[in-house]
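# Survey of secondary and tertiary structure
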Amino acid sequence: MEQNRFTQTRMISQIAANSQTSMVELKTGLSLYTVELGNPVGAPMLILHGGWGPADNEEHRLDILNEEIRSKFRIIYFHQRGWGRSKIEEVSGTDTPTGIDANIADCEVLRQHFGIDKWEVVYGGSNGAALGLAYAAKYFGSTVSGLVLRGLWLIREQDLDHDYGDGKNGKGKYYPAQWRRFIGHVGYKTRADMERLEKTENPGLEIVNKYWELMMGESPDERQKAAASWLKWDSLGATVGVDNDNPPATSIELLTSDEDIVKLGLTFYKSLNSHASAINSKNFLDTVVAKIHGDGERVIESREERVRSLRKKIRLITGEFDMLCPPAFAYEVIEKLLESETDTDERTEIESCTLKKTCQIVKGASHSQYDPGMPDAIQKAMLEIAFGEH
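Residues numbered from 1 in each chain as written. Predicted model: local features only at pLDDT ≥ 70, side-chain atom pairs only at ≥ 80, totals over all residues. Heavy atoms only, no water.

### Here's the deal with the pattern of salt bridges
- In total, this model carries 13 salt bridges according to the counting rule given.
- Among the ionic pairs, R156 bridges to E332, the shortest N-O distance being 2.8 Å. Within this pair, whereas R156 is found in the loop between β8 (147-152) and α5 (157-165), its partner E332 is found in helix α13 (residues 327-338), the two being separated by 176 residues in sequence.
- The exposure class assigned to R156 is buried, which follows from its relative accessible area of 8%. (Salt bridge = Lys/Arg side-chain N within 4 Å of Asp/Glu carboxyl O. Helix = DSSP H or I, 4+ residues; strand = E, 2+ residues; numbered from the N terminus. Buried < 20%, exposed > 50% of the residue type's maximum accessible area, 1.4 Å probe, protein only.)

In structure tokens form, the structure reads like this:
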């Protein structure tokens with residue numbers, strides 16, 4: 001898309017020194033709110049927010065970026081379509097999608113808009129990690145050079161089961177009473193109901209679809225109650241050291257309404273589990289593995305070379321106590337990248353070292369990027385991917 005296809009309103013931002021905000025118009029009725037900060041000639045880095053969206057105080061979202069990061073990177077952060085200060089206006093005869101394919105396209109549009117040839121680092125957490133991985137599935141090696149993903153959320157059917165549909169082995173195992181209330185809100189209240197849920201082909205996707213029906217209903221009261229139920233469950237286990245039933249007061253105000261947070265999140269989940277999406281949960285993991293194993297036009301053939309190259313391309317960071325996106329999710333991706341089902345004792349030294357380096361489990365942390373140890377791990381990973389290991 002040519003530069004003159006964009007219109008932009010610039011204003012001085014109070015977020016941080018050397019930063020500015022923009023409204024980038026992609027098409028009539030759709031504008032993305034962006035923040036540009038850091039070193040204007042630094043290594044380009046794209047930051048993708050997670051599933052609760054941006055907060056009123058942008059510095060809260062970006063304060064994991066210390067002075068070293070800001071001095072070495074040109075950082076672009078934006079509110080994804082429909083979220084926060086980005087604007088979707090109804091235009092007669094048009095429809096503005098908010099699923100996975102549209103969000104991938106927006107990342108490319110912004111790259112072109114800001115005159116960036118290639119992102120040295122794409123960083124995202126939770127839903128942002130899923131978007132980052134899906135973006136890489138299409139563009140790794142061409143316009144995406146490296147990935148730093150925290151709290152990896154793959155949003156496949158089995159991952160939706162873990163978070164929403166499985167009360168025996170998933171997140172519901174650790175919060176049984178809360179899970180019963182969560183599924184009870186969409187009609188699964190008795191033992192017979194739960195047995196019926198277990199017998200469905202994909203319990204997690206079933207719950208997603210049931211909440212989607214409520215969120216699309218005509219009753220404002222039912223939509224509000226469904227959103228509150230979803231968000232209460234979704235927040236459980238997101239951070240350490242907090243009584244989740246009685247969270248502390250916070251000055252951070254989310255910019256997206258509760259109803260829109262849930263609608264947009266469910267749209268994202270449904271799109272990733274739809275064959276109508278070019279990138280979907282059935283193919284994007286295999287696709288991204290193939291992309292990351294490539295090297296421009298050349299496919300890396302040597303297993304040793306492939307393993308060595310991973311350390312230069314990707315970091316997956318996960319909390320030891322992450323209930324939403326447990327370490328097993330990230331570990332599975334790295335195993336897939338290593339193309340190895342080899343027993344631990346049979347791995348080569350370089351494979352074991354690569355596995356430990358590329359898939360980092362932060363002790364004492366859960367899902368939040370603000371949990372103990374998370375900011376340091378994220379910052380170190382960004383620097384290593386962009387500038388090499390020290």
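### Here's the deal with the packing of aromatic side chains
- Evaluated as defined, the whole model comprises 13 aromatic pairs.
- Ring pairing ties together the aromatic residues W153, Y164, Y175, F182, Y211, W230, W233, Y269 and F329, which thus form one cluster.
- For K72, the ring lying beneath its charged end belongs to F387, and the centroid distance is 5.8 Å.
- The ring of W233 carries the charged tip of K171 above its face, separated from the ring centre by 4.5 Å. (Phe/Tyr/Trp six-rings, centres within 6.5 Å; stacked < 30°, edge-to-face > 60°. Lys NZ or Arg CZ within 6 Å of the ring centre and 35° of its normal.)

### Some words on the packing of α5 against helix α8 (residues 203-215)
- Between α5 and α8, the shortest axis-to-axis distance is 6 Å and the interhelical angle comes to 70 degrees. For the element pair α5 / α8, the angle class is roughly perpendicular. By crossing handedness, the relation of α5 to α8 is classed as left-handed. Side by side, α5 and α8 meet where E157, L160, D161, Y164 and G165 of the first sit next to P203, G204, L205, I207 and V208 of the second.
- A breakdown of the residues in the contact of α5 with α8 according to their chemical character gives six nonpolar, two polar and two charged. (Axes fitted to C-alpha atoms, helices over the stretch in contact; angles between N-to-C directions. Parallel < 35°, antiparallel > 145°, perpendicular 65-115°, else oblique. Left-handed = near helix turned anticlockwise from the far one by under 90°. Contact = heavy atoms within 4.5 Å. Nonpolar A, V, L, I, M, F, W, Y, C, P; charged D, E, K, R; others polar.)

### What to know about unusual backbone geometry
- Of note, S126 is a non-glycine position whose phi angle comes to about 60 degrees, a positive value.
- Mapped onto the fold, S126 is located in strand β7 (residues 121-126).
- On the basis of relative accessible area, S126 is assigned to the buried category, the value being 13%.
- Its identity is not glycine, yet I155 carries a phi of approximately 60 degrees, on the positive side.
- The buried category is assigned to I155, whose relative accessible area is 0%.

### Re the nonpolar core
- Counting 83 residues, the largest nonpolar core has L147, Y164, W230 and Y269 as the members making the most contacts within it.
- Considering each element in turn, this core owes the most residues, eight residues, to helix α4 (residues 127-139).
- In this structure, M45, F73, I378 and A386 belong to the second largest nonpolar core, which totals 28 residues. (Core = buried A, V, L, I, M, F, W, Y, C linked by side-chain atoms within 4.5 Å.)

### Some points on helix α9 (residues 220-235)
- Over its 16 residues, α9 extends 22 Å from the first C-alpha to the last, a length consistent with the 22 Å expected when each residue adds 1.5 Å.
- Taken together, the buried positions of α9 are occupied by R223, A226, A227, S229, W230, L231, W233 and D234.
- The elements touched by buried residues of α9 are α5, α6 (176-184), α8 and α10 (258-272).
- Residue G237 follows α9 closely and has a positive phi angle near 80 degrees. (Expected span 1.5 Å × (residues − 1).)

### Some details on the pairing of strand β3 (residues 30-38)
- In terms of burial, β3 is a largely internal element, nine of the nine residues being buried.
- Pairing of strand β2 (residues 20-27) with β3 involves seven bridges; the strand directions are antiparallel. Bridge assignment links E25 to a residue of β3, and that residue is S31.
- Between the end of β2 and the start of β3, which pair antiparallel, lie two residues, with G29 showing a positive phi angle near 90 degrees.
- Summarising the sheet, β3 and strand β6 (residues 87-88) pair through two bridges and their orientation is antiparallel. Looking at β6, one finds that L30 is bridged to I88.
- Note: β3 against strand β5 (residues 73-78), five bridges, orientation antiparallel. When the sheet's bridge partners are listed, T34 is paired in β5 with F78. (Pairing = 2+ DSSP bridges.)

### Topic: the confidence of the model for the chain
- Summing up the model confidence of the chain, the mean pLDDT is 84 and the portion of residues at 70 or higher is 83%.
- Below pLDDT 50 for its whole length, residues 1-16 participates in 37 contacts with residues either more than four positions away or in separate chains. (pLDDT = per-residue confidence, 0-100.)

### Digging into the environment of S219
- Along the chain, S219 turns up in the loop between α8 and α9.
- Side-chain polar atoms of S219 contact the backbone nitrogen of E222, separated by 3.2 Å. (Polar contact = N/O pair within 3.5 Å; in protein donor to acceptor, adjacent residues only side chain to side chain.)

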